[in-house]
Amino acid sequence: MAIGVVTVKRPPERWSSSQPYFAILKGLGVSIRHFLHNLLLFARGQQDFTVHFPEQRLVQPPAMRGMPVLVQMDNGKERCVACGMCEWACPTNCISIFPAETNDEVERYPEVFDIDMSRCMFCGFCEEACPEEAIVMSRQIEIASYSRRGSLWHKQDLLVPVAELKTRLDHLRRQYEH
Amino acid sequence: MSDLVQKNRVAPNNQRGPAARRADFDDLHTEPMHIQMGPSHPAMHGTVKIELDLEGEEVIDADVQIGYLHRGFEKECETGFLYQNIPYTDRLNYSSPVLNNVGYCLAVEKLFGITTPPRCQFIRVIGGELSRMADHMLALGASAMELAAFTPMLYLLEARELLLDQIDAICGARVTTNFTRIGGTLDLPEGFAAFAVERLDRALRLTADADKLLTDNPIFRERMQGTGRMAGKDLLAWGVTGPVLRAGGVPYDVRRATPYLIYGDLDFDIPIGEHGDNFDRYLVRMEEIRQSCRIVKQCLERLPDGPVNSDDRRVKWPPKRKVFGQMEELIDQFKLVLEGGYPPAGEVYHAVEGANGEVGFYIVSDGSGRAWKMRCRSPSFSNMSPLKHMLIGGQLADVVPTFGMMNMIGGECDR
Amino acid sequence: MSTEAPPSDAEKPQLSPLMVKVNARLAPLILEHREFRGDDRIHVARENILAVAGVLRDDPELAFDLLLDVTAIDYYGQPDDFELRREVWDRDHVTMRRLPRRRNLMALPEKGPHPRFAVVYHLISTSHLHRLRIKCRVPEDDPRIASLTPVWPGANWLERETWDLYGIRFEGHPDLRRIYLYDEFEGHPLRKDYGKLDEQPIQAYVGPGAKEPRRPE
Ligand code: SF4
Ligand code: SF4
């Protein structure tokens, strides 16, 4: 079997390791090295850890799951056909949909489409269940509100033009290709 | 130093029970001090309360009270479809969520009788090991910080960020990962291997710095060596698993005992300790970080091509492209979302090696899309039960390193 | 259409090596043995659980030194094998009617004639690396079973948890009190007849220091 067993070794108790001064000096050495390294990066403008949110923002990978939003087609209508799959797949029951019908080409649309953002856990199952690519996880993460009522997002708040969601849609096509 | 340690640590009345200790106080017309440590104490990083009886600085009785984070995971899982429970498992051990995802999905797949394709297994191992490293880093950093060593905590958290970046690139979230699906997983993004190796190396360098600051430090060693000691035999009897058991010298690791996924083909070592005290637990965790790094690098080298989802139509959601265009796949999708896939009736238990020990999922199915009974065997819960016996006889100051090295995660312990 | 021939003796599934050993030592105490996906499980009567556990731990061939888990199942009187009654109820059928808060409603079958609960133990031997599951049915009107704390001290918290969530009493347990929930909690939440949305009475505020600590002296 390639999985072996090793016994961890304690570092030997040398005279020097019982002297706090040596430890302090060694610790200072390590932290000064880090300090100089960071200073150098700072001088070059390449600091890689501290991000001054909200002026600076991290570059998020395409896989990022922010809050779920509805895709708005070019004609201003939503792509959703109110089939209710996302409502069913949602583990926390935070979507509520009331369907309605029109005489347009796509006959069904959601008259009400509410997402309770205080319950949503950004799991992405609604997006995965949707047979129309009508609900996708956006990059929006700032969803705080001043009142509880404010965390109930209605259809008008959720609609995002399809052009803005291109990265995510491309990612989705690749991710769920197989 | 060792003389000092011996003098301070081994309490003379160690072997006597609490009742006998209490009797001493009757003569003195005094009583032991009763203090409540937690639930919102800075060193209790899971929410837990420890009621301590002290004689001077020495702990003569302790009672560990948990349950502050009980959220009814099992009840919730009995009312949701099998696939809907995957995000809930993130919230069990929230410092290594991928391991829980993998464990849960493996249990469900065992129930269905599915084997996943090799690429999926590799990706699961990569995600799981990254998560394990992140968990150990948090555990070591937090306990070092509780012992007033603040700098290693910063380095280890920085290293942890580098690992979470990789998990983020795969699944789109750092903590609430939702990494696996039943019968599959999310695929790696393009150019992941180079990205991962660069970040792993940086993370290892940072860990080495923290190692340099801590391992040879006399203050740290004096607080860790010889405290919270428990022999391997007792640890086994108390049901302890994971790094804590291995530090006691028992080489029990689920990856080695009953290999799952591709662990049987990989080349790595299980670190064990000799003394069963806190310092060994620390060293075992440090070594596990390095071993996990080895595993991830091997997996990245040997990563095969191919699908990441199994073809089993009982669980696999059809590809999106076909759902848009074809009737059969659309119906499949509707059935799977609305009914959750029907497993055979039966019961399975599947265990994986979590960051703190054996994470097992026990599923009893009645043949419907929901589990009749879902049980998570959580390592933190079992590991916490002998904590009382590790604390009694020690000093009040030993409570903090012992508790830190047990690495109790509230979400996993209370579920 | 041809029907499949019933399996002859030669085709019958072989017992795993572990079960051969267990049978050799415990055959009179084992009520039945099942195997599903490679997991062995044995059923024993609840009176015998201490004896069985003692043998399993002490026999050098078995050497089950690690008690992984103790839990219970509320079968609601159903048999162990749900397959037998699969068509009688289908919980999904009920939930498919789009009831409000549908996820929180559990459609329960009729209570069956079998003992209601089952206590389940998971064991592993760290030297022989085999796993075993033990199951004991426990009736609803007398939910008691012997505690395994004398055999494995680690059963302590696990049994407290099972008492807390299922209300099964473990006799001989040194300290059987609730572990997750507060002492005044009414009912046992993982029983099937405890609804997910059931509410508890509000406890009166007693002020700081008015209540003694929970710990027995
Ligand atoms: S992301 Fe998850 S929780 Fe949020 S609406 Fe979608 S399915 Fe529901
Ligand atoms: S699944 Fe998609 S199409 Fe169906 S209701 Fe939800 S958003 Fe609309």
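This section reports on the structure supplied with the text. (Residues numbered from 1 in each chain as written. Chains lettered and ligands numbered in written order. Predicted model: local features only at pLDDT ≥ 70, side-chain atom pairs only at ≥ 80, totals over all residues. Heavy atoms only, no water.)

### Observations concerning the packing of aromatic side chains
For the record, the criterion: Working definition: a ring pair exists when centres of Phe, Tyr or Trp rings (six-membered ring for Trp) sit within 6.5 Å. Plane angles under 30 degrees give stacked, over 60 give edge-to-face, the rest tilted. Each residue's exposure class comes from its accessible area (1.4 Å probe, protein chains only) as a fraction of the maximum for that residue type: buried when under 20%, exposed when over 50%, partly exposed otherwise. Definition used: whenever NZ (Lys) or CZ (Arg) falls within 6 Å of the ring centre and also within 35 degrees of the ring normal, the charge is taken to sit over that ring.
Applying the stated criterion to the full structure yields 14 aromatic pairs over all chains. Residues Tyr260(B) and Tyr263(B) carry aromatic rings whose centres are separated by 5.1 Å and whose planes lie at 70 degrees to one another, so their mutual orientation is edge-to-face. Comparing Tyr260(B) with Tyr263(B), the two get one shared label, buried. Taken together, the aromatic side chains of Phe125(A), Phe81(B), Tyr83(B) and Trp317(B) make up a single cluster linked through ring pairs. Its guanidinium or amino end placed over the ring of Tyr263(B), Arg255(B) lies 5.9 Å from that ring's centre, counting from NZ or CZ. In this structure, Lys192(C) packs its charged tip against the face of Trp372(B), placed 4.2 Å from the ring centre.

### Quick notes on helix α6 (residues 118-146) of chain B
Residue and element names in this part refer to chain B. Rules: Counting from the N terminus, the helices are DSSP H or I runs at least four residues long and the strands are E runs at least two residues long. Given the number of residues in a helix, its expected span is that number minus one, multiplied by 1.5 Å.
The end-to-end C-alpha distance of α6 is 42 Å, a good match for the 42 Å that 29 residues give at a rise of 1.5 Å each. A large share of α6 lies buried, amounting to 26 of its 29 residues. Ala148 sits one or two positions beyond α6 and adopts a positive phi of about 75 degrees.

### What to know about the pattern of salt bridges
Counted only if it meets this: Whenever a carboxyl oxygen of Asp or Glu lies within 4 Å of a side-chain nitrogen of Lys or Arg, that contact is scored as a salt bridge.
Taken as a whole, this structure holds 61 salt bridges over all chains when the rule is applied. A salt bridge links Glu347(B) to Arg41(C); its shortest N-O distance comes to 3.7 Å. A residue pair is termed interchain when its members come from two chains, as with Glu347(B) in strand β7 (residues 346-353) and Arg41(C) in strand β2 (residues 39-44). The salt bridge partner of Arg144(C) is Asp142(C), with a shortest N-O separation of 3.0 Å. A relative accessible area of 29% means that Asp142(C) is categorised as partly exposed. In the salt-bridge network here, residues are joined through shared partners; they are Glu129(B), Arg132(B), Arg246(B), Asp253(B), Arg255(B), Glu288(B) and Glu353(B).

### Section: the side chain of Arg119(B)
Residue and element names in this part refer to chain B. Going by this rule: Counted as a polar contact is a pair of N or O atoms within 3.5 Å, where, for protein atoms, one must be capable of donating a hydrogen and the other of accepting one, and residues adjacent in sequence contribute only when both atoms are in side chains. Between two residues, a contact is recorded if the distance between any of their heavy atoms is within 4.5 Å.
For Arg119, the position within the fold is in helix α6. With a relative accessible area of 10%, Arg119 lands in the buried category. In this structure the side chain of Arg119 is engaged in a polar contact, spanning 2.9 Å, whose partner is the backbone oxygen of Pro304. The contacts of Arg119, once residues within four sequence positions are left out, are Asp187, Leu188, Leu303, Pro304, Asp305, Gly306, Pro307 and Val308.

### What to know about the nonpolar core
To keep things clear, this is the line we draw: Nine residue types can take part in a nonpolar core, namely buried Ala, Val, Leu, Ile, Met, Phe, Trp, Tyr and Cys, and a core is a set of them joined through side-chain atoms within 4.5 Å.
The biggest cluster of nonpolar side chains holds 184 residues, and the ones touching the most others in it are Ile50(B), Ile66(B), Tyr282(B) and Tyr121(C). No other element matches helix α13 (residues 278-302) of chain B, which puts 11 residues into this core. Beyond its immediate sequence surroundings of up to four residues, Tyr282(B) is in contact with Leu140(B), Asp211(B), Leu214(B), Thr215(B), Phe220(B), Met224(B) and Met405(B). Counting 31 residues, the second-largest nonpolar core is a separate cluster that includes Val69(A), Leu165(A), Leu169(A) and Leu172(A).

### Observations concerning the sheet that holds strand β6 (residues 152-153) of chain A
Sheet strands associate in pairs through backbone hydrogen bonding, adopting either a parallel or an antiparallel arrangement. Residue and element names in this part refer to chain A. Worth spelling out the cut-off: At least two DSSP bridges between two strands are required for those strands to pair.
Taking strand neighbours across the sheet as the criterion, the three strands line up as β3-β4-β6 in an open arrangement whose pairing is antiparallel. Two strands lie at the open edges of the sheet, namely β3 (95-101) and β6, each paired on one side alone. Bridging between strand β4 (residues 108-116) and β6 involves two bridges; their strand directions are antiparallel. Opposite Ile115, over in β6, you have Trp153 as the bridge partner.

### Some thoughts on the site of ligand 2
In plain terms, the rule: Residues are classed as near a molecule or strand on a simple rule: at least one heavy atom within 4 Å of it. Three classes are used, and their members are as follows: Ala, Val, Leu, Ile, Met, Phe, Trp, Tyr, Cys and Pro are nonpolar, Asp, Glu, Lys and Arg are charged, and the others, Gly among them, are polar.
The environment of ligand 2 is made up of 14 residues, and the closest members are Cys80(A), Cys83(A), Gly84(A), Cys86(A) and Cys130(A). Broken down by class, the residue content of the shell around ligand 2 amounts to 12 nonpolar, one polar and one charged.

### Comments concerning a nonpolar patch on the surface
All names here are of chain A. Selection rule: Only residues whose relative accessible area exceeds 30% and that form no salt bridge are eligible for patches; like-charged ones are grouped when within 9 Å, while nonpolar side chains (Val, Leu, Ile, Met, Phe, Trp, Tyr) are grouped when within 5 Å. All accessibility values rest on the Shrake-Rupley procedure with a 1.4 Å probe; residue burial counts only the protein chains present in the view.
On the surface, a nonpolar cluster with roughly 700 Å² of combined accessible area is contributed by Ile24, Leu25, Leu28, Ile32, Phe35, Leu36 and Leu39. For Leu28, the location among the structural elements is in helix α1 (residues 20-44). Residue classification places Leu28 among the partly exposed positions, given a relative accessible area of 44%.

### A few points about the side chain of Arg191(C)
Put simply, the test is: Under the counting rule used here, the positive set is Lys and Arg, the negative set is Asp and Glu, and His together with the chain ends is not counted.
On the secondary structure map, Arg191(C) appears in the segment after β7 (169-171). Glu140(C) provides the closest opposite charge to the buried, salt-bridge-free Arg191(C), at an N-O distance of 4.9 Å. When residues no more than four places from it in sequence are discounted, the contact partners of Arg191(C) are Lys75(B), Asp74(C), Arg116(C), Phe117(C), Leu165(C), Tyr166(C) and Gly167(C).

### Things to note about the packing of α6(B) against helix α18 (residues 396-406) of chain B
Residue and element names in this part refer to chain B. Filter applied, for reference: Angles here are taken between N-to-C directions and fall from 0 to 180 degrees, while the axes themselves are lines fitted to C-alpha atoms, restricted in helices to the stretch in contact. Roughly parallel means an angle under 35 degrees; roughly antiparallel, over 145; roughly perpendicular, 65 to 115; everything else is oblique.
The interhelical angle for the contact between α6 and α18, taken along N-to-C directions, is 170 degrees, at an axis separation of 9 Å. The angle between α6 and α18 places the two elements in the roughly antiparallel class. Touching Leu140, Ser143 and Glu146 of α6 are Val400, Gly404 and Met405, all from α18. Its residues assigned to classes, the contact of α6 with α18 comprises three nonpolar, two polar and one charged.

### Re the interface of chain B and chain C
Under the convention used in this document: When two parts are put together, the accessible area they lose, computed with a 1.4 Å probe and summed over both, is reported as buried area.
The interface is formed by 65 residues belonging to chain B together with 61 residues belonging to chain C. Among the residues of chain B in contact with chain C, Lys75(B), Glu347(B) and Trp372(B) are the three that bury the most area, contributing 15% of the side total. Seen at the junction of chain B and chain C, the total is 10 salt bridges. At the boundary of chain B with chain C, the tally comes to 26 residue pairs in polar contact (both at pLDDT 80 or more). Residue composition of the side of chain B that touches chain C, grouped by class: 27 nonpolar, 18 polar and 20 charged.

By themselves these figures say nothing about function.
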